[in-house]
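Analysis of the macromolecular model
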Protein chains: 2
Amino acid sequence: MKGIRQLADHLSISTGTVSRALNGKADVNAETRKRVLEAAEKLGYVPNQAGRSLRQGVTGTVGLILSQDASIGAGSENFFPRVIDGLQQALSRHGLDLVLLLRPRGEKQDEFLRRMVARRIVDALIITSTRVYDPRFPFLTKSGMPFVALGRSETSRPENRWADLDFEGIAERAVTRLFERGHRQIALAGPRPDANLGALFLKGYRRGLDSCGLTFDPDLVFQSDGQEAGGYEIGSRILESKHRPSAIVLNAEMMSIGLYRRLGEAGLTPGKDLAIIAERESPVGRFLSPRLTCFRIDAAALGCSLGEMLLSTLPAFAEQYADVPRQQIWPFDLVEGESDPPLQA
Amino acid sequence: MKGIRQLADHLSISTGTVSRALNGKADVNAETRKRVLEAAEKLGYVPNQAGRSLRQGVTGTVGLILSQDASIGAGSENFFPRVIDGLQQALSRHGLDLVLLLRPRGEKQDEFLRRMVARRIVDALIITSTRVYDPRFPFLTKSGMPFVALGRSETSRPENRWADLDFEGIAERAVTRLFERGHRQIALAGPRPDANLGALFLKGYRRGLDSCGLTFDPDLVFQSDGQEAGGYEIGSRILESKHRPSAIVLNAEMMSIGLYRRLGEAGLTPGKDLAIIAERESPVGRFLSPRLTCFRIDAAALGCSLGEMLLSTLPAFAEQYADVPRQQIWPFDLVEGESDPPLQA
C-alpha cells in the first residue's frame, strides 16, 4: 500500500501533480494522468483518507439522490443525464466525484435519506423530487451535512440552497397561449399537489385562467404520474367527459404517447381534435406526429449551477463560490410544435 | 462521534441489532430501525471503517458503472431501473448499498474505470456496455477488485463472472418470424459491431437468414445509436434505397418513434408498409400505434442474479453463494404487437 509521496517519488513528479491527476483535475495533461493512474494501479495506491478529509470531506464524493420511479424513468431521458453532466462539470474542477444514490422501490424518501446520512457514504448531498412539505430540509440542516436541493419546498429555510424550474411560469404561459389560439376549455394534467411540481403547476394554471378571464373547473384537472399509461388513461377520461376540453397542458411529454394512442383509437387526431402542450422538450416529442409544442430548459447549465451552489456550502470552496446565489428559479423557452394549432370554429 | 457500542448502550439493545439496523437488513423491524437511525443521528454516529472492512470491504458499497449516453437514455427506461431493483434486492440482504457511477460524457470507458478503481470509492464493481474486445476484463482481474459484467466479451476469462441477454437469439427469431409472415427483404438496425450487443445482433440476424435460405445483403444492415433520431434517419435511408426492405428488426424500441414519424411523412403506414420488430418491450412500444411487436426480459430477476453473482466474488459471502453460476445468458419472450402483420401480396 503506497501513498501519494511514494507515487510521486516513483514517477519523479511532484506530489501536487500526482494528487491532481488522481483527483481528475483538468489542468493535468492526459499523458501524465495516464502515467499516474498506471503507477497507482501497479504500486497499489491507497488514498490517504485523513489528508483528504481536511481538504474536502471524508470521501471526496457527492451523492445525488434519485428515486427509481420518478427520475430515471422515461420522462427524464434528457433531463437528468444533462443535469448530471453539468454537476460533474462543476464538481470535477475540484476532484469531487458524483455518485448516484437510488432510493430502492418501497423505501420512503425520508428513511432512505436518514440511512444515507448515517452511513456517511458521501460528503454532501443533492436531493430531488421535493415536496411542498418536505422534512428533508430541516433534517439535513440539523444533520450538518452540506446539501442543495433540486426543487423548492415550503419547508426550506432562507439559508438552504436550492434551484428549481419555473413550472408555475410554463403552466401560466401554456394556458395563455391556448387561450389566444381560441381555446376556452383548457385541461391540466399534473402530479399530486403535495409534490412541489404539482403545486406549482396548478398555481400557474390557475393564474393563467384568471388572466384570461376563464373560470377554474376542477373537472378539468387530472392527476397523473407522467408516464405513457397515465396519458392513455387521461385520454379515456377526456373522451367520457361531458364538457370535453379542446386543449390540455401535460406536465410530462411521455404522457403524450399514451394520449395520442387513445385519441387515435377513438378516431380523433391529436392536435386537431385536442390541442396539447407539454413540459419538457425531448426527442420523443420531437419525433411524434404531430410534433409536440413544449418547453425547453438548459438542464446542463442548471446542473452546473447547482454544483456551484453545492461547492459554496463546502468549507474548502465557500470563498471561491461566495457569489453563487442561494436560490434560483430557471426559466423555460417555448418550442413551437404541431400539437397546438389554433382552434377551428 | 459515537460507534455502534455507544448506540447500543444508549438504546439498551444489542450491538448486532444496531449494526443490522444501520445496514438496512430486512430482519430488523421498522420500529427498531427507526429508533436506531434516530439515535445515530442524535448522537452523531460514525461507522467503524476498520470493523466494516473486515466484514465486507472498506466502503460497504458496490458501484454500478453506467455511461451517460447509453444507459440512462430513453431506451433504458424500463431496463436499468429494473436491473437496479434486482441488484438492490440481492445486495441489501447483506447491508451493501448500490451507488451508480456515471461516466462523464467525453471520458473514455477504460480511463473512467481506472480512476474509479484508483480512488477506491466502492468495494466491488458492476460494469456494463461491454465490447467484443474489452480491456476492462483483464484490467479488473489484475486489479483484484471484485466485479461482474452485464454483458459478455471475447476478452473475458473463464473465471470472470457475467450475465448477458440473448441478443443473438432474438435477432434470429425475429428474422424467422418475419420470414414466416412472408417477408424476404428483412433489414437490421444495430449498434456498432465492436459493441457486444452489435456483434451478437448481427450474428443472430445472419443465422436467421441462413436458416430461412435468405442471402445476406450488407445494404440491409443499418448502424444506429438506438435513439429516436437514429430511427428517423434509417427511415430516410430505407425510403431512398433501391431494394426497399419490407421488414426491419430494431435493436432499441425508441428508434421506432423516429421511424414511425419518417414513414408517416412519406405517406406510409408503419406495420402495413414496413413490418417492425424491436428489442425491448417498454411502455413506449405498448402505446405507439401500431403497438410494437417486441421482446421482453425479466430485468429485475436478471439484476438479482447479477447481484448474487457479485456476492459470490466477495470473500465474506462466497460460501453462501457458491452455487451461483459464473456465466448466464438470459432469454427473451416475444410480445405480439401490431407492427409486424403478415405481408400482403
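The text that follows walks through the structure, step by step, so that each part is easy to find. Because the structure is predicted, anything quoted here is derived from the model rather than measured.

Comments concerning the nonpolar core
Membership of the largest hydrophobic core comes to 150 residues, with the highest contact counts inside it found for A:Ile248 and B:Ile248. Excluding its chain neighbours within four sequence positions, the residues that come into contact with A:Ile248 are A:Leu178, A:Ala187, A:Leu188, A:Ala189, A:Phe222, A:Ile234, A:Ile238, A:Leu259, A:Leu274, A:Ala275, A:Ile276 and A:Ile277. Judged by nonpolar contacts, the second largest core, of 36 residues, contains A:Val122, A:Met145, B:Leu113 and B:Ile121.

Some details on the packing of helix H11 (residues 228–240) of chain A against helix H12 (residues 255–265) of chain A
All names here are of chain A. Running from N to C, H11 and H12 point in directions that differ by 40°, and their axes come no closer than 6 Å. By the angle class used here, H11 and H12 are oblique. H11 and H12 meet at a crossing whose hand is right-handed. Residues Glu228, Gly230, Gly231, Tyr232, Ile234, Gly235, Ser236 and Leu239 of H11 touch H12, and the partners they reach there are Met255, Ile257, Gly258, Leu259, Arg261, Arg262 and Glu265.

Remarks on the sheet that holds strand E1 (residues 61–67) of chain A
Taken together, the 12 strands give an open sheet; going across it, the order is E11(A)-E5(A)-E4(A)-E3(A)-E1(A)-E2(A)-E2(B)-E1(B)-E3(B)-E4(B)-E5(B)-E11(B), and neighbouring strands pair in mixed fashion. For this open sheet the edge positions go to strand E11 (327–330) of chain A together with strand E11 (327–330) of chain B, each flanked by a neighbour on one side alone. With strand direction ignored, the average angle separating the axes of adjacent strands in the sheet is 20°.

Concerning the interface of chain A and chain B
Tallying the contact residues gives 60 residues for chain A and 60 residues for chain B. Between B:Arg261 and A:Glu338 there is a salt bridge, and its shortest N-O distance comes to 2.9 Å. For the pair chain A and chain B, the interface holds 10 residue pairs in polar contact (both at pLDDT 80 or more). Partitioning the side of chain A that touches chain B into residue classes produces 28 nonpolar, 12 polar and 20 charged. With 3 bridges connecting them, strand E2 (residues 97–103) of chain A and strand E2 (residues 97–103) of chain B associate as antiparallel partners. Bridge pairing in E2(B) links A:Leu101 to B:Val99.

Some remarks on the side chain of A:Ser224
All names here are of chain A. In this fold, Ser224 is placed in the loop between strand E7 (221–223) and H11. By relative accessible area, Ser224 is classed as buried at 10%. A polar atom in the side chain of Ser224 sits 3.4 Å from the side chain of Asn251. Once you skip the residues sitting within four places of it in the chain, Ser224 turns out to touch Ala189, Gly190, Pro191, Ile234, Asn251 and Met255.

Concerning helix H9 (residues 167–180) of chain A
Residue and element names in this part refer to chain A. Its 14 residues give H9 an end-to-end C-alpha distance of 20 Å, which sits within 8% of 20 Å, the value for a rise of 1.5 Å per residue. Every buried residue of H9 is accounted for by Phe167, Glu168, Gly169, Ile170, Ala171, Ala174, Val175, Arg177 and Leu178. Looking at the residues trailing H9, positive phi occurs at Gly182, about 100°.

Here we look at the sheet that holds strand E10 (residues 293–296) of chain B
Residue and element names in this part refer to chain B. In space, the 6 strands of this open sheet follow the order E7-E6-E8-E9-E10-E12, with mixed pairing throughout. Both outer strands of the open sheet, strand E7 (221–223) and strand E12 (333–335), are each paired with one neighbouring strand and no more. The average angle at which neighbouring strand axes cross in this sheet is 20°, direction not considered. When strand E6 (residues 186–190) meets E7, the two strands line up parallel, connected through 3 bridges. Considered in E7, the bridge of Ala189 is made with Phe222. Taken strand by strand, helix H9 (residues 167–180) contacts E6, strand E8 (247–250), strand E9 (275–279), E10 and E12, and its axis lies near 165° from that of E9.

Digging into the relation of the copies chain A and chain B
Mapping chain A onto chain B calls for a rotation angle of 180° and an axial translation of 0.0 Å; the resulting RMSD is 0.0 Å. Taken together, the rotation and translation relating the two chain copies correspond to the operation of a two-fold axis. Within chain A, the C-alpha atom positioned nearest to the axis of rotation is that of A:Leu100, 2.3 Å from it. A shared interface surface links the copies, since 100% of the contact residues of chain A are contact residues in chain B too.

Calculation rules
- Residue indices follow the written sequence of each chain, beginning from 1 at its first position.
- Whichever chain is written first is A, and whichever ligand is written first is 1; the rest continue in order.
- Only residues with pLDDT of at least 70 get local features here, since the model is predicted, and only at 80 or more are side-chain atom pairs given and counted; chain-wide, interface and lining totals rely on the full set of residues.
- To obtain the side-chain values, all non-hydrogen atoms of the structure were included, while hydrogens and water were left out.
- The set of buried Ala, Val, Leu, Ile, Met, Phe, Trp, Tyr and Cys residues whose side-chain atoms join them within 4.5 Å is what this entry labels a nonpolar core.
- Only protein chains enter the accessibility calculation, which uses a 1.4 Å probe. A residue is then buried if its area is under 20% of the maximum for its type, exposed if over 50%, and partly exposed in between.
- Residue contacts are counted whenever heavy atoms from the two residues lie within 4.5 Å of one another.
- Axis definition: a line fit to C-alpha positions, over the contact stretch in the case of helices; interaxial angles, taken between N-to-C directions, run 0 to 180 degrees.
- A helix here means a DSSP run of H or I that spans at least four residues, while a strand means a run of E at least two residues long, and both kinds are numbered starting from the N terminus.
- Working definition: roughly parallel below 35 degrees, roughly antiparallel above 145 degrees, roughly perpendicular at 65 to 115 degrees, and oblique for all remaining angles.
- What makes a crossing left-handed is the near helix being turned counterclockwise from the far one by less than a right angle; a clockwise turn instead makes it right-handed.
- When DSSP locates at least two bridges between a pair of strands, those strands are taken to pair.
- Should a side-chain nitrogen of Lys or Arg be within 4 Å of a carboxyl oxygen of Asp or Glu, the pair is scored as a salt bridge.
- Each polar contact in these results corresponds to two N or O atoms within 3.5 Å; when the atoms are within protein, one needs to be able to donate a hydrogen and the other to accept it, and residues that are neighboring in sequence are counted only if both atoms are side-chain atoms.
- Residues are grouped as follows: Ala, Val, Leu, Ile, Met, Phe, Trp, Tyr, Cys and Pro are nonpolar; Asp, Glu, Lys and Arg are charged; all remaining types, including Gly, are polar.
- To estimate how far a helix should extend, the number of its residues minus one is multiplied by 1.5 Å.
- Alignment of copies: least-squares fit on C-alpha atoms of residues with pLDDT of at least 70 in both copies.

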